[in-house]
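Structural features, examined
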Amino acid sequence: CAPPDAVVWPQAVGQVQELAALCYRSRVPMVPFGTGTGLEGGVNAVQGGVCFDLSRMDAITELSLEDFSVVVEPGVTRKALNSHLRGTGLWFPVDPGADASLCGMAATGASGTNAVRYGTMRPNVLNLRVVLPDGRLLHTAGPRRQPRWVPAAGPGWVVATLGTCSPAPCRKRAAGYDLTSLFVGSEGTLGFLTQATLRLHPLPEATATTIATFPSVRAAVACTVQVLQAAVPVARIEFLDEVMASACSRYSGLEMLEAATLLLELHGSRHGLAEQQQQTEEIVQLNGGSSLAWAEEPEERGRLWAMRHNAWYAALALRPGCQGYSTDVCVPISRLPDVVVETKKDLQDTGLTGQRGCGPLGHGGTVRDHSPPCLILGLTGPMVGHVGDGNFHCLLIFNAQDPDESQRIHGFTQRLGRRALAAGGTCTGEHGVGLGKRALLLEELGQEGLDTLRRIKAALDPHNLMNPGKVL
């Protein structure tokens, strides 16, 4: 971890502008900070400087029910927003697992379990208010207008003055370059995202969740592809390999088989959901999957998704005292079965969670007899993924004090990234480039592509003060 030289907590956009202008004049590096849930070292102050902690700018300022949009400041997290929207019939579905800040999610181009139906952050961000490195203010889709709905004195929202306009930009535009998309995924290297206008979605009338187990990883992933090809309007399809399923079962207390597993969720009308469930069951059985029991009550569905969202902690529990590294790639759906199977074999051959222990077991010691079989046999590290859009993760649990294990982690992540690129995919589907994937970004975009990014960066941040050392 590389700490900054100082931390500031601005509470208004004007303060961000003044502080940025001061740092710009003094040539001091600036690092934006939301909630710190990123996974690629994006908030490390590798050149020192000032960290701008934006968590105290936490207002939800405008809501337009008719335009399905809301305006939030950078301290607002996804859970806080959805709690605020309760009772409106709308929600914000992008769910990376962690209760991340929404502007931070925009900055990293985050997605998550619902992306297969509702998309990633990119199509769900309509406008951004950005403080540029020298303190100037930019609205990427034009300055906002007055809201139709404003916060009430008490709980809820009230109608604003008759005749005022919506805060949301048009649903489509062909006016100039797409500046909003430029800043989504910029990872704090072009400016501070101090406000975001987000697209909201209607809450589904009915929801059903189920777990299916399969005889092999290939069968589970092939089932995913066939569900999508059959145009089943699935909202989530999450994959867990047998190691991850076993770890989640022990950690959450839910009974699950130690087998390749899919966690599926359907959204729709009550009438349409029954047909979708039948269609999904037929495809699962064609691929050798288990019979399905559907959970429709919120409490039961909540337990299943809590199990999935705690996968990181379940993986860490496989080797107490060790550290974890999560890496992700995304590939075309047609290549997903082959790439997942090849990655699974690579993990097994590498022996990343083999017979060595951590913490109380000593450096390089052996795993206790009551450890999970996957550790005693040295099979593989856990794999989990949002396979409905071709995105999957490897959760690599290793002893940071063991140079050999650290080197194997590095070698594996480089092979994984290049495997995804060879399949026509990307080295990161949602984590971002940060510190660890800069070399792979060059291989993905080519020299001319990377040089173009550098020219954009130089135009907006000529002194390389915004989050230096990241992405480029």
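Residues numbered from 1 in each chain as written. Predicted model: local features only at pLDDT ≥ 70, side-chain atom pairs only at ≥ 80, totals over all residues. Heavy atoms only, no water.

By the naming in an unreviewed UniProt entry, the chain goes by D-lactate dehydrogenase (cytochrome) and is assigned to Ardeotis kori. Annotation of the chain in UniProt includes, under Subcellular location (unreviewed entry), the sentence "Mitochondrion". Reading the Sequence similarities (unreviewed entry) entry of the UniProt record for the chain gives the comment "Belongs to the FAD-binding oxidoreductase/transferase type 4 family." (UniProt positions renumbered as here; feature names shortened; annotations may be inferred.)

**A word on the overall build of the chain**
Of regular secondary structure, the chain possesses 15 helices and 18 strands. A fraction of 72% describes how many contacts in the chain between residues 6 or more apart in sequence connect residues 24 or more apart. (Helix = DSSP H or I, 4+ residues; strand = E, 2+ residues; numbered from the N terminus. Contact = heavy atoms within 4.5 Å.)

**Structural notes on the side chain of Thr-180**
Assignment of secondary structure puts Thr-180 in helix H6 (residues 179-183). Discounting chain neighbours no more than four positions away, the residues touching Thr-180 are Val-125, Leu-126, Asn-127, Leu-128, Thr-140 and Ala-141.

**Focus on the nonpolar core**
Core analysis: the biggest nonpolar cluster contains 40 residues, and Phe-214, Phe-239, Leu-262, Val-340, Phe-392 and Cys-394 have the highest contact counts within it. Contributions of two or more residues to this core are made by strand S13 (206-214), helix H7 (217-229), strand S14 (234-240), strand S15 (260-268), helix H9 (270-286), helix H12 (336-350), strand S18 (391-398) and helix H14 (403-422). By residue number, the principal contributor to this core is H7, which donates 6 residues. Filtering out sequence-adjacent residues up to four positions away, Val-340 remains in contact with Val-217, Val-221, Phe-239, Met-383 and Phe-392. (Core = buried A, V, L, I, M, F, W, Y, C linked by side-chain atoms within 4.5 Å. Buried < 20%, exposed > 50% of the residue type's maximum accessible area, 1.4 Å probe, protein only.)

**Observations regarding the pairing of strand S17 (residues 383-386)**
Side chains on a regular strand alternate between the two faces of the sheet. Both faces of S17 are covered, namely the face carrying Met-383 and Gly-385 and the face carrying Val-384 and His-386. With 4 bridges connecting them, S17 and S18 associate as antiparallel partners. Across the sheet, residue Gly-385 finds its bridge partner in S18, namely Phe-392. Here S17 folds back onto S18, and the loop between the two strands holds 4 residues, one of which, Gly-390, carries a positive phi near 80°. (Pairing = 2+ DSSP bridges.)

**Re the packing of aromatic side chains**
Any aromatic ring pair is given by two values, namely how distant the centres are and how the planes are angled relative to each other. Tallying each qualifying case throughout the model produces 2 aromatic pairs. Geometrically, the ring pair formed by Trp-91 and Tyr-118 is edge-to-face, given 5.5 Å between the ring centres and 85° between the ring planes. Residue Trp-91 is found in strand S6 (residues 90-91), and its partner Tyr-118 is found in helix H4 (residues 115-118); the two are separated by 27 residues along the sequence. We note that Trp-91, like Tyr-118, is buried. Lying over the aromatic face of Tyr-24, Arg-27 brings its terminal NZ or CZ to 5.4 Å of the ring centre. Stacked on the ring of Trp-305, the Lys or Arg Arg-236 has its end atom at 4.1 Å from the ring centre. (Phe/Tyr/Trp six-rings, centres within 6.5 Å; stacked < 30°, edge-to-face > 60°. Lys NZ or Arg CZ within 6 Å of the ring centre and 35° of its normal.)

**Thoughts on the packing of H14 against helix H15 (residues 438-460)**
Interhelical geometry of H14 versus H15 gives an angle of 15° and a closest axis separation of 11 Å. Between H14 and H15, the angle is such that the two are roughly parallel. In this structure, H14 meets H15 at a crossing whose hand is right-handed. Taken together, the residues of H15 that come into contact with H14 (itself represented by Thr-413, Gln-414, Gly-417, Arg-418 and Leu-421) are Leu-440, Glu-443 and Glu-444. (Axes fitted to C-alpha atoms, helices over the stretch in contact; angles between N-to-C directions. Parallel < 35°, antiparallel > 145°, perpendicular 65-115°, else oblique. Left-handed = near helix turned anticlockwise from the far one by under 90°.)

**Looking at H12**
Owing to its 3.6 residues per turn, the α-helix aligns residues three or four sequence positions apart on the same side. For H12, spanning 15 residues, the distance from its first C-alpha to its last is 21 Å, which sits close to the expected 21 Å at 1.5 Å a residue. Regarding H12, the residues found buried are Leu-336, Pro-337, Val-339, Val-340, Thr-343, Lys-344, Asp-346, Leu-347 and Thr-350. A positive phi of about 65° marks Gly-351, the residue just after H12. (Expected span 1.5 Å × (residues − 1).)

**Things to note about the sheet that holds strand S2 (residues 30-33)**
Read across the open sheet, the 3 strands follow the order S1-S3-S2; overall the sheet is parallel. The open sheet terminates on both sides in strands that have one partner only, identified here as strand S1 (6-8) and S2. Each strand of the sheet is rotated relative to its neighbour by a mean of 25°, with strand direction disregarded. Where S1 and strand S3 (residues 50-53) come together, 3 bridges link them in parallel fashion. Its bridge partner being in S3, Val-8 is matched across the sheet by Phe-52. Across the sheet, helix H1 (residues 13-26) touches S1, S2 and S3, and the angle it forms with S3 is around 170°.

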